[in-house]
Amino acid sequence: MKIAIQGEPGSFSHEAVMKLVPDGEIIPCSLSADVFAALEGGDAEAAVIPIENSLAGSVAEHFDLLLSHDVRVVRETRLRIRHNLIALSGVANEEIERVFSHPVALAQCRKFLAAHPKMEAVAFYDTAGSVKQLVKLRDRHTAGIASEAAAEYYGAHILAAGIEDNPENFTRFFLVRRAAEAVDDPQANKISLAFSLEHRPGSLVAALAELAKMGTNLTKIESRPVHGKPWEYIFYVDCQIHTAEEGTRAVEALLAHCAMVKELGRYREAKS
């Protein structure tokens with residue numbers, strides 16, 4: 001199966017693909033929009049996207065892309081994020097002048113960078129991409145922050161392992177397919193929904209009360225602005241369900257109070 005990801009081989013998204021579809025062939029993309037274009041255009045059969053990090057929060061752009069494309073979430077997984085300082089083989093810590101990585105990775109390694117003030121942090125488009133670049137340029141004064149898999153893939157060396165500030169660092173990833181080809185897992189126990197509300201007092205409370213009356217456990221709620229409509233919002237929710245019929249009833253309950261409801265997918269909840 002060809003699976004589009006944002007980032008390079010050896011990235012955390014690549015690792016997530018290996019957990020979700022071990023024999024998957026990745027299609028690296030520079031931008032998240034390119035990932036969805038590859039999926040929708042048929043260049044990829046599926047996509048794997050990060051949707052939420054336990055420290056940095058939600059990936060807002062991916063919520064918008066899930067809503068605006070005809071796709072469905074079919075699986076999820078959680079990945080422990082371990083950041084490593086990576087350089088060319090034979091390079092010592094004292095030689096490093098610049099450290100490249102994705103802005104989120106740099107932010108999650110603030111304590112290490114603060115303890116090494118001679119290392120200038122430089123934002124880059126991808127964690128694994130930072131390692132790919134330093135190996136390509138053979139730059140002995142540059143390091144990247146990325147996964148162990150990235151070091152192995154590009155033949156680089158880990159100077160310092162586990163440099164993230166907080167070890168409770170996990171990212172949740174979705175496996176996404178075109179809606180016409182998506183098949184709901186018969187053991188699905190989770191549903192993701194997007195909805196917008198009518199402009200009247202108490203509409204959000206009324207919508208959520210309908211879910212509560214069903215005994216549906218709301219595990220996440222996120223709001224995003226509606227593009228082109230200032231001060232209007234789309235709400236994204238994840239709910240635990242016990243049966244497929246309960247998922248259908250959750251959608252129907254929201255329809256009675258919402259201007260729009262879109263089911264983003266039904267899938268099996270990833271184990272902790």
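Residues numbered from 1 in each chain as written. Predicted model: local features only at pLDDT ≥ 70, side-chain atom pairs only at ≥ 80, totals over all residues. Heavy atoms only, no water.

**Some details on the overall build of the chain**
And step 1. Within the chain, the secondary structure is distributed over 9 helices and 15 strands.
And step 2. In terms of overall dimensions, the chain is globule-like: its C-alpha atoms have a radius of gyration of 21 Å, near the 19 Å expected for 272 residues.
And step 3. Dimensions along the principal axes, computed over C-alpha positions, put the chain at roughly 65 × 40 × 35 Å.
And step 4. For the chain, buried positions account for 51% of its 272 residues.
And step 5. Sequence separation of 24 or more characterises 74% of the internal contacts of the chain that already satisfy a separation of 6 or more.
And step 6. Only carbon and sulfur atoms are counted for the fraction: they give 53% of the accessible area of the chain, which is about 12,900 Å². (Helix = DSSP H or I, 4+ residues; strand = E, 2+ residues; numbered from the N terminus. Rg over C-alpha atoms; globule rule 2.2 N^0.38 Å. Buried < 20%, exposed > 50% of the residue type's maximum accessible area, 1.4 Å probe, protein only. Contact = heavy atoms within 4.5 Å. Areas by Shrake-Rupley, 256 points an atom, 1.4 Å probe, with all protein chains shown as cover.)

**Digging into empty space enclosed by the protein**
And step 1. Taken as a whole and judged by the stated rule, the model has 1 cavity of 30 Å³ or more.
And step 2. Quantified by volume, the largest cavity comes out at close to 40 Å³.
And step 3. Sort the elements by how many residues they give to the lining of the largest cavity and strand 14 (residues 233–240) lands first, with 3 residues. (1 Å grid on protein atoms, 1.4 Å probe; cavity = no way out; pocket = protein on both sides within 12 Å on 5 of 7 lines; lining within 4 Å. Points joined across faces, edges and corners; volume = space filled by probe spheres on them.)

**Description of the sheet that holds strand 7 (residues 98–101)**
And step 1. Read across the open sheet, the 5 strands follow the order 8-7-9-6-10; overall the sheet is mixed. Lying at the two open borders of the sheet, with one neighbouring strand each, are strand 8 (120–123) and strand 10 (157–160). Strand-to-strand twist across the sheet, computed as the mean angle between neighbouring axes with direction ignored, equals 35°.
And step 2. Two strands pair when backbone bridges link them, and strand 6 (residues 84–87) and strand 9 (residues 142–146) are joined in this way by 3 bridges, in the antiparallel orientation. Within strand 9, the position partnered with Ile86 by the bridge is Gly144.
And step 3. Sitting on the sheet, helix 6 (residues 127–137) touches strand 6, strand 7 and strand 9, and the angle it makes with strand 9 is about 155°. (Pairing = 2+ DSSP bridges. Axes fitted to C-alpha atoms, helices over the stretch in contact; angles between N-to-C directions.)

**Observations concerning the side chain of Ser147**
And step 1. Among the structural elements, Ser147 can be located in the loop between strand 9 and helix 7 (148–154).
And step 2. By relative accessible area, Ser147 is classed as buried at 2%.
And step 3. A polar side-chain atom of Ser147 sits 2.8 Å from the main-chain carbonyl oxygen of Gly10.
And step 4. At 3.4 Å, the side chain of Ser147 and the side chain of Glu15 are in polar contact.
And step 5. Non-local contacts of Ser147, meaning those with residues more than four positions away in its chain, are made with Gly10, Phe12, Glu15, Arg82, Asn84 and Ile86. (Polar contact = N/O pair within 3.5 Å; in protein donor to acceptor, adjacent residues only side chain to side chain.)

**A look at the pairing of strand 9**
And step 1. Extensive coverage of strand 9 is indicated by the burial of 5 of its 5 residues.
And step 2. Side-chain alternation along strand 9 places Thr142, Gly144 and Ala146 on one buried face and Ala143 and Ile145 on a second face that is also buried.
And step 3. Here strand 7 pairs with strand 9 via 3 bridges, running parallel. What sits directly across from Phe100, in strand 9, is Gly144.

**What to know about the nonpolar core**
It is characteristic of soluble globular proteins that their nonpolar side chains tend to be buried jointly.
And step 1. Within the largest apolar cluster, 26 residues are counted, with the highest numbers of intra-cluster contacts made by Leu85, Val99, Val131 and Ile145.
And step 2. Per-element tally for this core: the top contributor is helix 6, with 4 residues.
And step 3. For Leu85, the residues in contact, after removing those within four places along its chain, are Val99, Phe112, Met119, Ala143, Gly144, Ile145, His157, Ile158, Leu159, Ala160 and Ile163.
And step 4. Listed in part, the 22 residues of the second largest apolar core include Ala4, Leu39, Leu65 and Val176. (Core = buried A, V, L, I, M, F, W, Y, C linked by side-chain atoms within 4.5 Å.)

**Some details on helix 9 (residues 244–255)**
And step 1. For helix 9, spanning 12 residues, the distance from its first C-alpha to its last is 17 Å, which sits close to the expected 16 Å at 1.5 Å a residue.
And step 2. Where helix 9 is buried, its residues touch strand 12 (190–197), helix 8 (203–213), strand 14 and strand 15 (258–267). (Expected span 1.5 Å × (residues − 1).)

**Describing the packing of helix 2 (residues 32–41) against helix 3 (residues 60–68)**
And step 1. Orientation of helix 2 relative to helix 3, taken along the N-to-C sense of each, is 25°, at an axis distance of 10 Å. By the angle class used here, helix 2 and helix 3 are roughly parallel. Taken as a pair, helix 2 and helix 3 cross one another with a handedness that is right-handed. Together, Ser32, Ala33 and Phe36 of helix 2 and Glu61, His62, Leu65 and Leu66 of helix 3 make up the contact between the two elements.
And step 2. Looking at the contact of helix 2 with helix 3 residue by residue, the class counts come to 4 nonpolar, 2 polar and 1 charged. (Parallel < 35°, antiparallel > 145°, perpendicular 65-115°, else oblique. Left-handed = near helix turned anticlockwise from the far one by under 90°. Nonpolar A, V, L, I, M, F, W, Y, C, P; charged D, E, K, R; others polar.)

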